[in-house]
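Descriptive analysis of the structure
Below are the chains, spelled out letter by letter.
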Amino acid sequence: MAHFIRLRATKAAAVAVASGGTYAFLRDPSVSANDRGGGGPALGSFRSKIGDPYAVVPPRAVQESALIGASPANPLDILVVGGGATGCGVALDAATRGLRVGLVEREDFSSGTSSRSTKLLHGGVRYLEKAVFNFDYGQLKLVFHALEERKQVIENAPHLCHALPCMTPCFEWFEVVYFWMGLKLYDLVAGPRLLHLSRYYSAQESVELFPTLARKGRDKTLKGTVVYYDGQMNDSRLNVGLACTAALAGAAVLNHAEVVSFLKDEGSERITGARVRDSLTGKEFDTYAKVVVNAAGPFCDSLRKMANNDAKPMICPSSGVHIVLPDYYSPEGMGLIVPKTKDGRVVFMLPWLGRTVAGTTDSNTNITMLPEPHEDEIQFILDAICDYLNVKVRRVDVLSAWSGIRPLAMDPRAKNTESISRDHVVCEDYPGLVTITGGKWTTYRSMAEDAVDAAIKSGKLSPGNKCLTYNLRLVGGEGWDPASFTVLAQQYVRMKKTYGGKVVPGVMDTATAKHLSHAYGTLAERVAAIAQNENLGKRLAHGYPFLEAEVAYCARHEYCESAIDFIARRSRLAFLDTDAAGRALPRIIQILAVEHKWDKSRQKQEVQMAIQFLETFKSSKNAQFHDGKHK
């Protein structure tokens, strides 16, 4: 018989039945996290350790040694498999509870779904709509919970997250009333977690705020817009920040390390660790742990099958495609939401890192390491925003396009991905292997908390203190201020080498200073110092603020082990402009070769891998043509 746990379970988060497993869903958000207390001396200790401006993460070799050193006689408390938002969140949560923690990730931190999100930290307006029309209190609790977590993520990483106003155009007076009332209810539900109040703008005011907004659409005239606020983030930098924060808290985190098999106790068949292959060296080693947490996102079923070949699938993969357009498609600081497309989906168009990101699709897909967007999905997004803009929407304007796989927790009765719950599931359907899957970026912290709670129970662990992550700022966040960039602009210069080898000083301009401040928080001065003192102050790509110094810094302090790690996760160049990323590659590889002592063969291999990676991002130049039209 299966055993069931309800972690303060909601009615909406119904427990899925599976043979031989322990399943638990989302906590009840009506219990305020503010009731958890201040965290005491332990929280203060971790805050000072993580916020120390001179703290550096242990080198990769040291982290690998810590994992190798975990033996049957002296195992880790928890080994986390998967370095996305949830996996890194689990490692940070467990480490700050005083547990001995290791984490391995097959590719790079945030290399999967976590770097391919809509970049929104949202409370779930659509869940609220379902809650009202279906009289579903469970859905309402999901919104409460997501709103609480949204506010906390922004507070814990203020340099990487911010509030973003989102505009909903209304072409009928009924829509004005409907959306205004719905978003006022959203404000009411948010309560003290509210970012800013929603409000109505007339058609004239709306066009002034959003100059590219069409006054006529779908043969109707714009009546006005309703603007509400959600959160926005730099997702993969937030994920890398989580990994580095976990490392500073004492977790041994290792990217480019793949689990090839599980270790089991011969008598009880309980999982006691894993055989790991270092992808960079080819070396294999065993690491032991009292509990293994499976946080592999879309790949969590393959790990479950590694433990038990008869494990029934839990994941229903859904493809989410996004495209990046030039900045003139949307004004800085205002997003646009198309509430209903031709097939009933919601499409966003948001300013992001100086460009415009638009998406998303929601369709069934196969699980693959490098998902690629289909041309019809890109065209669907372009068509969806076309009716709402007064600028010509062109395929040739697509600077980058990518696909991400959502690991939706599968309800066997669901007929399509829209009806599958976005709740997260924690289960132990094999002794010693706790799986956490489903959920979304906004709630990664509480997902991690539930997974650690389950792991403590499974391994009969003895944490030194309770969960501290609610009030714990990530690396670079403690003491950061929106005006911090002025210090960089005033106190640093960018020393640049010309092609002739001559060193010339350059201004630490406002755009670069702001970029460094937001990307690295209070650690931005370290990057600026490298740009100034090591003659690495040149920009990597024309029109983008990324500096050569960032490559060196990320190699030294953020576990950046490949060119792809940098262009996709440490900087966002591949996502913002695929062709610009390609042009920057030679210099990036040159700097990484110095930092990591690569030979010519490795450098050539890096070029080939990066080009192959960038080909999966369907910019206009990467698209395939047939008879003058895109395939």
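Residues numbered from 1 in each chain as written. Predicted model: local features only at pLDDT ≥ 70, side-chain atom pairs only at ≥ 80, totals over all residues. Heavy atoms only, no water.

An unreviewed UniProt entry lists the protein chain under the name Glycerol-3-phosphate dehydrogenase, from Rhododendron simsii.

1. Looking at the confidence of the model for the protein chain
What counts here: For every residue, the pLDDT score states the predictor's confidence, bounded by 0 at the bottom and 100 at the top. Throughout, a residue-residue contact means that at least one pair of heavy atoms, one from each residue, lies within 4.5 Å.
The predicted model of the protein chain averages 88 in pLDDT, with 90% of residues at 70 or higher. This model gives residues 1-35 a pLDDT under 50, and the stretch forms 87 contacts once residues within four places in sequence are excluded. Within the model, pLDDT remains below 50 along residues 624-631, and this stretch shows twelve contacts once partners closer than five positions in the same chain are excluded.

2. Comments concerning helix α8 (residues 235-248)
We apply this condition: Every helix listed is a DSSP run of H or I at least four residues long, and every strand listed is a run of E at least two residues long, numbered separately from the N terminus. The length a helix should cover is 1.5 Å for every residue beyond the first. Relative accessibility decides the category of a residue: with a 1.4 Å probe and only protein chains considered, values under 20% of the type maximum give buried, values over 50% give exposed, and everything between is partly exposed.
Relative to the 20 Å expected for 14 residues at 1.5 Å per residue, α8 spans 20 Å between its end C-alpha atoms, a close match to the ideal helical length. With 14 of 14 residues buried, α8 lies mostly within the body of the structure. Backbone geometry just downstream of α8 places G250 in the positive-phi region, at approximately 115°.

3. What to know about the packing of aromatic side chains
Rules: Here is the rule: rings of Phe, Tyr and Trp (six-membered ring for Trp) pair when centre to centre is within 6.5 Å. Planes less than 30 degrees apart are stacked, more than 60 are edge-to-face, and the remainder are tilted. We call a charge positioned over a ring when the NZ of a Lys or the CZ of an Arg lies within 6 Å of the ring centre and within 35 degrees of the ring normal.
Within the structure shown, the criterion is met by eleven aromatic pairs. Seen from their ring centres, F109 and Y559 are 6.3 Å apart, and the 70° between their planes marks the pair as edge-to-face. Residue F109 is found in the loop between β4 (101-104) and β5 (120-121), and its partner Y559 is found in the loop between α15 (548-557) and α16 (563-570); the two are separated by 450 residues along the sequence. On the accessibility criterion, F109 (1% relative accessible area) is buried. Residue classification places Y559 among the buried positions, given a relative accessible area of 4%. A ring pair is formed by Y328 and Y329, whose centres lie 5.2 Å apart and whose planes are at 20°; its orientation type is stacked. With relative accessibility at 43%, the residue Y328 sits in the partly exposed group. Among the aromatic residues, ring-to-ring pairing joins W402, F575, F613 and F617 into one connected group. Over the ring of Y201 we find R199; its NZ or CZ atom is 4.0 Å from the centre of that ring. A cation over a ring is seen here: R237 above Y520, with NZ or CZ 4.3 Å from the ring centre.

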